[in-house]
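What follows is the residue order along each chain.
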Amino acid sequence: GREGIKILSENIRVIKSLDERGIVQTVISKNDHNEAWSVIEESGLADYFIYPAINWGAKSENLKQIANKLNINVDSFALIDDSAFERSEVASVFPQVKVFTEKQIPLLLDYPEFDVEVTSESRNRRLSYISNIEREKVSEKFGDNYLAFLRDCGMQLKITIPTKSSQIVRCLELIQRSNQLNLSSRRYSGEEFNELLNKKKYLSLALSCRDRFGDYGTIGFVSIDENQTNPIIRDFVISCRIAQKMVEQSFMEWLCEKEYEKGYNCLYAEMVKTKRNGPLMNVFNEIFERCEESDQKILFYLDFKKRKETFDVIEIIDETSEIVLE
């Protein structure tokens, strides 16, 4: 019974430490939700768990549903469970999920899977998801009129050049950790990334976003090669937290205007195909046309005179006006 439950102080320390590293946590438990959740609330840990799934369903199915809510792949998950049966059930359905026993909890912080670079924004990742839950509650009031909901959010997209060290670290973190929404899937080292930022006739941009619910922080990085006859997007990566909110479309509209003002006629984007970046491919299919394709790559093409209708749901804050490419 609940009177006999004692949460080990070491486990509480690990939960809080993982949270500080920006590693989002949830609960998948076969139990009565109200009774189990009340114990977690009394322990002061309720705020640390996003989209908890406490029911009698299969844990693999619960994990899949949470992944959908978080808009990430199941291979981003690690499961800690004291039942060999439950670990085996999840592993049999999702072999890409790492599984650990409850005895390994005190050791998790030293495992390479959880040894991630910590930034001010990653520390606030859980709070960002909590804000997103509030957005979801409001969106239900708008029914099928999703664009009306986005306008009601009062979204702002700020476009800047990454010059501050904290912003540069965050952009590199996005590149290193993002898979589904990553155009090139390149993994730069710190030195390589600094070289990219200083490359001649390359436009490197950081994207940040906020709305009336809160600040998403830096959610994207883009590099555009302007050494060619027409510009080519080499890197485009955004956080899954901002996906499907018209940010990609709004940014491309802004970029097309910028490049058109420079005298260019079209915009290209080179995508490297992976098993995981299909979601971003779908977005580019909506905005661009395909002009070349192989087993490894897709070259997208957008004629500035044939741009599709925009929906004007996001306010753009352009902080790049003083940029001069040499």
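Given the structure is predicted, the values throughout are model-derived calculations rather than measurements. (Residues numbered from 1 in each chain as written. Predicted model: local features only at pLDDT ≥ 70, side-chain atom pairs only at ≥ 80, totals over all residues. Heavy atoms only, no water.)

Caption draft 1: Highlighting the overall build of the protein. Along its length, the protein carries 11 helices and 12 strands. Each of the three principal axes of the protein carries a C-alpha extent, and together these read 70 × 45 × 40 Å. Put simply, the protein has 326 residues, and 48% of those count as buried. Contacts in the protein between residues at least 24 apart in sequence constitute 66% of all its contacts with a sequence separation of at least 6. Surface exposure of the protein reaches about 17,100 Å², of which carbon and sulfur atoms provide 47%. Across the protein, 44 positive and 54 negative side-chain charges occur, with their mean positions spaced 1 Å apart. (Helix = DSSP H or I, 4+ residues; strand = E, 2+ residues; numbered from the N terminus. Buried < 20%, exposed > 50% of the residue type's maximum accessible area, 1.4 Å probe, protein only. Contact = heavy atoms within 4.5 Å. Areas by Shrake-Rupley, 256 points an atom, 1.4 Å probe, with all protein chains shown as cover. Lys, Arg positive; Asp, Glu negative; His and termini not counted. Charge placed at Lys NZ, Arg CZ, Asp CG, Glu CD.)

Caption draft 2: Local environment of the pairing of strand β8 (residues 232-238). Of all 7 residues that make up β8, 7 are buried, and the element is covered over most of its length. Across 6 bridges, strand β7 (residues 214-225) lies against β8 in antiparallel orientation. Its bridge partner being in β8, D225 is matched across the sheet by I232. Taking the residues that link successive antiparallel strands as the turn, the β7-β8 hairpin has 6 residues. Bridge count for β8 against strand β9 (residues 266-272) is 2 bridges, and the pairing is parallel. Note that in β9 the partner of I233 across the bridge is A269. Considered for its hand, the β-α-β crossover made up of β8, helix α10 (residues 247-261) and β9 is right-handed. (Pairing = 2+ DSSP bridges. Right-handed = clockwise from strand over helix to strand, strands pointing away.)

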